Amino acid sequence: MTEEEFDAFYHASFSRLVHQLYALTGDFSEAQDVVQEAFVRAWDRRSQFFAADAPEAWIRTVAWRLAVSRWRRAKRGWELLRRNHVDQPVEGPDPNHATLVAALKQLPEAQRQAIVLHHLCDMTVDQIAAEADIPTGTVKARLSRGRAALAKIIGDREGEAEDYRARS
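How each quantity is defined
- Residues numbered from 1 in each chain as written.
- Predicted model: local features only at pLDDT ≥ 70, side-chain atom pairs only at ≥ 80, totals over all residues.
- Heavy atoms only, no water.
- Helix = DSSP H or I, 4+ residues; strand = E, 2+ residues; numbered from the N terminus.
- Rg over C-alpha atoms; globule rule 2.2 N^0.38 Å.
- Buried < 20%, exposed > 50% of the residue type's maximum accessible area, 1.4 Å probe, protein only.
- Contact = heavy atoms within 4.5 Å.
- Areas by Shrake-Rupley, 256 points an atom, 1.4 Å probe, with all protein chains shown as cover.
- Lys, Arg positive; Asp, Glu negative; His and termini not counted.
- Charge placed at Lys NZ, Arg CZ, Asp CG, Glu CD.
- Axes fitted to C-alpha atoms, helices over the stretch in contact; angles between N-to-C directions.
- Parallel < 35°, antiparallel > 145°, perpendicular 65-115°, else oblique.
- Left-handed = near helix turned anticlockwise from the far one by under 90°.
- Nonpolar A, V, L, I, M, F, W, Y, C, P; charged D, E, K, R; others polar.
- Expected span 1.5 Å × (residues − 1).
- 1 Å grid on protein atoms, 1.4 Å probe; cavity = no way out; pocket = protein on both sides within 12 Å on 5 of 7 lines; lining within 4 Å.
- Points joined across faces, edges and corners; volume = space filled by probe spheres on them.

*Asks:* I would appreciate a short explanation of the overall build of the protein in the present structure.
*Replies:* When its secondary structure is counted, the protein shows 8 helices and 0 strands. Secondary structure elements of the protein, listed N to C terminal, follow the sequence α-α-α-α-α-α-α-α. Against the compact-globule benchmark of 15 Å for 168 residues, the protein has a radius of gyration of 30 Å, which places it well outside the compact range. Taking the principal axes of its C-alpha atoms as reference, the protein extends roughly 85 × 45 × 25 Å. Per-residue burial for the protein yields a buried fraction of 24% across its 168 residues. For the protein, contacts bridging at least 24 residues in sequence account for 59% of all contacts bridging at least 6. Of the roughly 12000 Å² of accessible surface on the protein, a fraction of 52% belongs to carbon and sulfur atoms. Positive and negative side-chain charges of the protein, numbering 23 and 25 respectively, have mean locations separated by a distance of 5 Å.

*Asks:* I'm lost on the packing of helix H1 (residues 3-25) against helix H4 (residues 55-84) in this one. Help?
*Replies:* How two helices pack is summed up by the angle between their axes together with the distance between the axes. Put simply, H1 and H4 touch, their axes get as near as 10 Å, and they point 40 degrees apart. Taken together, the axis directions place H1 and H4 in an arrangement best described as oblique. Note on packing geometry: the crossing formed by H1 with H4 is right-handed. For the pair formed by H1 and H4, the contact residues are Phe9, Ser13, Arg16, Leu17, Gln20, Leu21, Leu24 and Thr25 on the first element and Pro55, Glu56, Ile59, Arg60, Ala63, Trp64 and Ala67 on the second. Residue composition of the contact of H1 with H4, grouped by class: 9 nonpolar, 3 polar and 3 charged.

*Asks:* Mind showing me how you'd approach helix H6 (residues 109-120) here?
*Replies:* In an α-helix, one turn spans 3.6 residues; hence positions three or four apart end up facing the same way. Spanning 12 residues, H6 covers 15 Å between terminal C-alpha atoms, matching the ideal 16 Å at 1.5 Å per step. Burial in H6 covers these residues: Gln111, Ala114, Ile115 and Leu117. Phi for Asp122, located one or two positions after H6, is positive at around 55 degrees.

*Asks:* Looking at this model, I keep getting lost on empty space enclosed by the protein. Mind explaining?
*Replies:* The gaps of empty space that remain are located by a probe, the size of a water molecule, rolled over the atoms. A complete count under the given rule lists 1 cavity of 30 Å³ or more for this structure. Approximately 30 Å³ is the volume found for the largest cavity. Every residue along the wall of the largest cavity is listed here: Ala110, Gln113, Ala114, Ile128, Ala132, Ile134 and Arg142. Secondary structure elements with two or more residues in the lining of the largest cavity: H6 and helix H7 (125-132).

Written out as structure tokens, the structure is:
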């Protein structure tokens, strides 16, 4: 089979084979991968490939075998992982961190961005202004308003927690 014949065969049958393998595997990207790999293997054998009675059947068979091999390898990997897995307790989030994240979510996006970049990413006001393409005065205003809003939100939450503790 010449390169042109192989190219024509590829274009004529690739999509059909992918859909057939998708129906067999249930995973479209996996079907694309195994059909592509089968065509690569056929390319290496293209001189004797067209002599086969049904080249499309050969591609489909190779692709199916590749899919089964991948499935077996993945299954074996999961079994090993499950067998050798040791449960390690994971600590929950720090209450202060959870409070901060919840408070940040309540800020307008521009204020939240300024607060996070300045206080968590250690960026200067000038760096934030350059990145956001805004004047430094705007960054300072967003930081000021954001800090005030955070203080109010976090203060309200702490007040609610103290009220709850007092009632209990």
